Amino acid sequence: MTYPVLIVEDDETQSKMLSRLLHRRMGFNSLQARNGREALVKLEENENVQSIKLVILDVSMPVMGGMEALEIIRQKYPVLPVIMLTGSRDIDDVVKAMHLGAMDFLVKPYEVERMVITVKNALKLGTLTKEVARLKRQQEGALHFDNLIGHDTGLSDPVALGRKAARSDIAVLISGDTGTGKEVFARAIHGESVRADYPFIAVNCGAIPPQLVESTLFGHEKGAFTGATEKVIGKFREAEGGVIFLDEVGELPLEMQVKLLRVLQQKEVEPVGAGRPLPVNIRVISATNRNLYKEVKKGAFREDLYFRLNVLSINLPSLSQRKGDVLPLASHFVERFCIREGGVPKDLSTVLEASLMEYSWPGNVRELENVINRAMVVSENNILGVDDVLFQDESFDNKGVEYSVKKYFQDELGDIGQIRVVLDNGKFKPIDEIEKEAMRIALDYFDHNVTQAAKALGMAKSTFYKKLKK
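Since we're looking at a predicted model, the values are computed, not measured. (Residues numbered from 1 in each chain as written. Predicted model: local features only at pLDDT ≥ 70, side-chain atom pairs only at ≥ 80, totals over all residues. Heavy atoms only, no water.)

## Some words on the layout of surface pockets
If you add up the space inside the second largest pocket, you get close to 570 Å³. Taken together, 26 residues form the lining of the second largest pocket, with Thr180, Gly181, Lys182, Val184 and Val365 sitting closest to its centre. Those elements giving two or more residues to the lining of the second largest pocket turn out to be α5 (112-139), α7 (182-191), α13 (326-341) and α15 (364-378). With 5 residues, the single largest contributor to the lining of the second largest pocket is α7. Of the residues in the lining of the second largest pocket, the class split is 9 nonpolar, 7 polar and 10 charged. (1 Å grid on protein atoms, 1.4 Å probe; cavity = no way out; pocket = protein on both sides within 12 Å on 5 of 7 lines; lining within 4 Å. Points joined across faces, edges and corners; volume = space filled by probe spheres on them. Helix = DSSP H or I, 4+ residues; strand = E, 2+ residues; numbered from the N terminus. Nonpolar A, V, L, I, M, F, W, Y, C, P; charged D, E, K, R; others polar.)

Take a look at the structure:
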């Protein structure tokens, strides 16, 4: 069981009430601590810290107060979001907490809806901060396996092999369908290896015109051929000390396979027109969406090169084989889109989540990213729905999934969906209470999409918001 939220509150009753609220409304499990010192111990016990995604921290506590604890948490866990709680209305506390790095500040007694919204926003901003850091690490060549979505679930077996590959300098061949993330996986091997501080140069072998493959990989001298107006060192020498990643290596022409084999054997390249070889110190990681062994049997790929590249083979499963990673990947792509485009993160509706899980994903992770990007562009709501997505496989009936999910909601709501008008004492329930129950049921049904809930109740969206706030 994971505990995404750490509640640090010396009042046991308040702590339990908040824990129940987060579990009932958001499905989160919580750890409890009675003071700042105990909270720091619990954070240290969770060695990877990723299981705890949020800290809710009271200001006034014995042993170690919230401000002192916040200062230490910020130093040790800079991207971990923290929400501060206080029974005081002293503005100085707010200013100090925000200066120390708190993400938000709530005064007790707080409104339930305000707490839920604050927690959602803190988690989203915290996740975005981590994603920015992850993208920065990737850009700097410091991507690690722990940064991969599914490293502990659908990719656990390949990652175990990848970690072993990172500890050595042998050639690795990564196989898998198009769109499974072979280059990202190769970057993780590089990021955890001794060559991590040196370049990672990726080359798509299938995208280079046949007549330019040799000069692209090995370089050329000025005037070596028509159009060679300047000297080019080539991808292999660009990767000096680091890794050259040969994507779709099976697309290389046979004559280039011979030259590549010689480079790997001699550890030197000869630029076109140079007349002499130059030494290179690089590691080769290759990738293919083909079965190279079958290509060898057909005579389309050299057997000696195959065994030179395939010292350690790692196969990445298709997305249909790792369905448990679909929703985490979808959320990840929402966050990435927001970073790139500057938008606000959006949730996925329950119906859309069911559709994403049901779909076969012939285009794998790349197709999922495209689906989410399109949905983020066309959606006008704060929740992505099935009407916002377009699946590549037109035979997929997401409307059937939508019907099944709504039927499930109807079955699950049962008596909850029936509002009692007459109480046990024979008196009628006040109309504002009936309205409040109807709003709650509509929000639950439409996965907290206010626009859809208001429309279903025949209420203006602005009116719904006002009543919700009240």
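Here the narrative resumes, following the displayed structure.
## Focus: unusual backbone geometry
The peptide bond linking Lys108 to Pro109 adopts the cis configuration, its omega dihedral lying at 0°. Of note in the backbone geometry, Val63 takes a positive phi value of approximately 70° without being a glycine. Tracing the backbone through its elements, the reader meets Val63 in the loop between β3 (54-58) and α3 (66-76). With a relative accessible area of 57%, Val63 lands in the exposed category. For Trp361, which is not a glycine, the phi torsion comes out positive at approximately 55°. By secondary structure assignment, the location of Trp361 is in the loop between α14 (350-358) and α15. Judged by its relative accessible area of 1%, Trp361 falls in the buried class. (Buried < 20%, exposed > 50% of the residue type's maximum accessible area, 1.4 Å probe, protein only.)

## Structural notes on the packing of aromatic side chains
How two aromatic rings sit relative to each other is given by the distance of their centres and the angle of their planes. Taken as a whole, this structure holds 10 aromatic pairs when the rule is applied. Both rings, one in Phe200 and one in Phe245, keep their centres 5.9 Å apart while their planes meet at 25°; by these two values the pair is stacked. Separated by 45 residues along the polypeptide, Phe200 in strand β7 (residues 200-204) and Phe245 in strand β8 (residues 243-247) bring together distant segments of the chain. Looking at Phe245, the relative accessible area reads 0%, which means it is buried. Counting every residue linked through ring pairs, the aromatic cluster contains Tyr359, Trp361, Phe391 and Phe396. (Phe/Tyr/Trp six-rings, centres within 6.5 Å; stacked < 30°, edge-to-face > 60°.)

## Description of the pairing of β8
The buried fraction of β8 is high, at 5 of 5 residues. Residues of β8 alternate between two faces, with Val243, Phe245 and Asp247 on one and Ile244 and Leu246 on the opposite face, all of them buried. Pairing of β7 with β8 involves 5 bridges; the strand directions are parallel. Each bridged residue has a counterpart across the sheet, and for Phe200 the counterpart in β8 is Val243. (Pairing = 2+ DSSP bridges.)

## A word on empty space enclosed by the protein
Counted according to the given criterion, the structure contains 1 cavity of 30 Å³ or more. As a volume, the largest cavity reaches approximately 30 Å³. Ile7, Glu9, Gln14, Ser15, Leu18, Leu85 and Tyr110 together form the lining of the largest cavity. Ranked by residues supplied to the lining of the largest cavity, first place goes to helix α1 (residues 12-26) with 3 residues. A breakdown of the residues in the lining of the largest cavity according to their chemical character gives 4 nonpolar, 2 polar and 1 charged.

## Observations regarding the sheet that holds strand β4 (residues 82-86)
The strand order β2-β1-β3-β4-β5 describes an open sheet built from 5 strands, whose pairing is parallel. Every interior strand has two partners, whereas the edge strands, β2 (30-33) and β5 (104-107), have only one. Averaged over all pairs of adjacent strands, the angle between strand axes in this sheet comes to 20°, irrespective of strand direction. Pairing between β3 and β4: 4 bridges, direction parallel. What sits directly across from Asp58, in β4, is Leu85. Taken strand by strand, α1 contacts β1 (5-8), β2, β3 and β4, and its axis lies near 160° from that of β1. (Axes fitted to C-alpha atoms, helices over the stretch in contact; angles between N-to-C directions. Contact = heavy atoms within 4.5 Å.)

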